[in-house]
Amino acid sequence: MRTIIFRTIAPYLSALMVLFSIFVLLRGHNEPGGGFIGGLIAASAFAIFGIACGVASVRRAIYFHPMAVAGFGLFMAALAGVLSIFKGQTFMTSQWLIFDFFGVEIALSTPMVFDIGVYLVVVGAIGSIALALEERESD
Amino acid sequence: MAGSSVTVDLSQAMITAHVAAADWLVVAPSLITILGGSLCLMLRKHTSLQPKLGNAFLGLLVLANLALLARVLDHGIITMVMGNWLPPFGIAFTVDTLGATLSLIASIVAFCAGIFGSATVDATGRRYGFYPFLLLLMTGVCGAFLTGDIFNLYVWFEVLLISSYGLLILGNDRIQLDGAVKYGVLNLIGTNLFLIATGLLYGIFGTLNMADIAMKAAALEGAATGTLATVAALYFLAFAMKAAAFPVNFWLPASYHTPNVVVSAVFAGLLTKVGVYALIRVFVLILPESRAYMADVIALVAIATLMTGAIGALAQSEVRRLLGYVVIAGIGAMLAGVAVGSTLAVSGAVFYAVHSIIVMTALYMAAGVMKLIGGSYDLRKLGGLYNKNAAFAAVFLVLAFAVSGLPPFSGFWPKIILVDAAFADGRAWLAAAILLSGFLTTLAMGRVWIFAFWRGGPEGTPDGELATATATEGSASLAGGAIWVPLGILTALVIYFGLQPEWMLELSTQGASGVVEPLGYLRSVFGEQG
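Residues numbered from 1 in each chain as written. Chains lettered and ligands numbered in written order. Predicted model: local features only at pLDDT ≥ 70, side-chain atom pairs only at ≥ 80, totals over all residues. Heavy atoms only, no water.

## Quick look at the interface of chain A and chain B
Piece 1. Contacts between the two partners involve 25 residues from chain A and, on the opposite side, 22 residues from chain B.
Piece 2. A combined buried area of about 2,000 Å² lies between chain A and chain B, and 77% of that area is made up of carbon and sulfur atoms.
Piece 3. Three residues stand out in chain A for area buried against chain B, namely A:Phe75, A:Thr90 and A:Phe91, and they jointly supply 29% of the buried area on that side.
Piece 4. Across the contact surface, chain A and chain B share zero salt bridges.
Piece 5. Elements represented by at least two residues in the side of chain A that touches chain B include exactly α4 (66-80) and β1 (96-101) of chain A.
Piece 6. The biggest single contributor to the side of chain A that touches chain B is α4(A), with nine residues. (Contact = heavy atoms within 4.5 Å. Buried area = accessible area lost by both parts, 1.4 Å probe. Salt bridge = Lys/Arg side-chain N within 4 Å of Asp/Glu carboxyl O. Helix = DSSP H or I, 4+ residues; strand = E, 2+ residues; numbered from the N terminus.)

## Quick word on the nonpolar core
Piece 1. One finds B:Tyr235, B:Ile280, B:Phe283, B:Met360, B:Met370 and B:Phe396 to be the most contacted residues of the largest nonpolar core, which totals 198 residues.
Piece 2. By size, the runner-up hydrophobic cluster in this structure holds seven residues, among which are A:Val69, A:Met76, A:Tyr119 and A:Leu120. (Core = buried A, V, L, I, M, F, W, Y, C linked by side-chain atoms within 4.5 Å. Buried < 20%, exposed > 50% of the residue type's maximum accessible area, 1.4 Å probe, protein only.)

## Notes on helix α5 (residues 130-146) of chain B
Piece 1. Compared with the 24 Å implied by 1.5 Å per residue over 17 residues, the 24 Å span of α5(B) between its first and last C-alpha is a close match.
Piece 2. Along α5(B), 16 of the 17 residues are buried, which leaves the element largely enclosed by surrounding structure. (Expected span 1.5 Å × (residues − 1).)

## Digging into helix α20 (residues 502-516) of chain B
Residues and elements named next belong to chain B.
Piece 1. Helix length check: α20 (15 residues) gives 21 Å between terminal C-alpha atoms against 21 Å at 1.5 Å per residue, within 8%.
Piece 2. Of all the residues in α20, the buried ones are Met 504, Leu 507, Ser 508, Gly 511, Ala 512, Gly 514 and Val 515. All buried residues of α20 fall inside an arc of 155° around its axis, so they share one side. For α20, exposure combined with an orientation more than 90 degrees from the buried face picks out Glu 502 and Glu 506.
Piece 3. As for α20, its buried residues are in contact with α2 (49-75), α3 (97-120), α11 (261-286), α14 (343-374), α19 (481-499) and α21 (519-526). (Arc of directions from axis to C-beta.)

## Overview of the domain arrangement of chain B
Residues and elements named next belong to chain B.
Piece 1. Parsing chain B into structural domains produces domain 1 (14-292) and domain 2 (294-499).
Piece 2. For domain 1 versus domain 2, the separation of C-alpha centres amounts to 24 Å.
Piece 3. The partner domain 2 presents 43 residues to the 42 residues of domain 1 that form the contact.
Piece 4. Inspection of the region where domain 1 meets domain 2 yields zero salt bridges.
Piece 5. At the level of secondary structure, the elements contributing two or more residues to the side of domain 1 that touches domain 2 comprise α3, α9 (224-243), α10 (251-255), α11 and α12 (288-315). (Domains from an automatic or database assignment.)

## Looking at the pairing of strand β2 (residues 104-109) of chain A
All names here are of chain A.
Piece 1. Pairing geometry for β1 and β2, over six bridges, is antiparallel. Bridge assignment links Asp 100 to a residue of β2, and that residue is Glu 105.
Piece 2. Hairpin remark: β1 followed by β2, antiparallel, with two residues in the connecting loop; positive phi at Phe 102, about 50°. (Pairing = 2+ DSSP bridges.)

Pasting the structure below:
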């Protein structure tokens, strides 16, 4: 698969896919998208980069081990539900912080933190499976 | 988005009252283990840190469960609905004495296993995630015990199953993969049946909240009762698979002897009991009429399970396989309680589950110690353990008596209750099966005692002589307390529940009456109008 065309295109394609995955992640609260599908897109970006340029360079690029990324995502998702304890509400009650940023309404919320957690879990888990499979192939 | 201009009366759909921070204990067990598990997962390269971190979180889990049980005993059944939605729309965690007791005992056992694992799981096992898997397994187990939503119960089943797959293949031996395939395939079929049954149940009632289903099922009449009986049969098959009841029990002895012995200990203690718990929850609390309808079938399955377990144990010469059959025999006893279904019988089943969680974990740990001291799991190669370590021989004897249901240990009381309840229900055959199975288990455990402890050496050693050449010099690795402390704690619990059964009797009776007469459970979820 390491043709010159693919190797040249793959970094741009991967970067674009990761960017798109973040877009899909953030629009997911009320529109199609979200952490899971965004995570899948990002994981396939890493897989494509791995096929084109080798698994070692992917691992260098993401620095952390994919499983650690997944662990962090799980941690973050679980913590997102805890904030409501301070307001005397039940677990996982959503908390919103809406403010004006130079005329643009920005809505930060615990569901978003939860969704980013899911995103990281999917990127980490699917990414580590994909990378392990690709490594086995190139041995 | 959130700031819409239409005003909606949120009190119709959401809880507006203040929730006491102490009620958060309901989610604490799952939350602690998820946070601990993910932290261990992030730090899994630091193999020396893993046991400390993992055991700290497991200790925290025990404390949280203790506080939760104390709160339930104080304040009655607690319900918390996630995300502030009103039931039945939100996912409810409803904790009664039954769930809190089992969750506490399970977490004690997991804590002991965590300590035991710090001595028996090597650096490779730790790097491949023994502690993250153990903690996430406990997330599933505690979540299953505490949830009040049947689909949520399915999700916790999946969580604990996925973690258990990971634990099962830790070490990557050929035989482990073989065991994991059998375990995996049967459990996949079981959980799929569970899911299908839940879908059908949702089709009938339009709700997944257990209390809501219980109320609607009690009011159901006409043709739908036939559909409900089908759903109940599907549930029974699914949970029986998980609990390793008679026709679908073959996966347990085929897989439980393959992983690291501490993993077998956790599995034998916890996983099958979650299946039994689900049976009690669904059949006694939610669908009591279907249980009464199926009582004869459940009784037959119980008798068959009791017999296969005990006879299978007699036929084995590998200690861990033998113990696998003993687990199955215990499942039969608990099923007998479900078949009878009175408060007395269910309390016997709950007490038996508590006893079985503790004693089976301890016995698998003891099997691990036998391997360390005697160098083998095979009864033909073991021998002379009494001479090598008399204290361990005493511990094993206590556990063997307890698992056979002999006094004065923890297995005695639940068996008495179950036999008593079976007679009161006019099922003499069931009572006879419980007693006969106990007798055969005594024989099976006696074989282990005679061969491994009394005989001077491996098979062929003449009576009264000691084999001069010891099999291995593995005693060096036994020096640490990491092996003896957990085994000691569990054995002490076995003796305590045998000599002072009042506390556990009280808990199991309260737990059983909470599911047999579920008014308190329903009110906890829906308030006074329930």
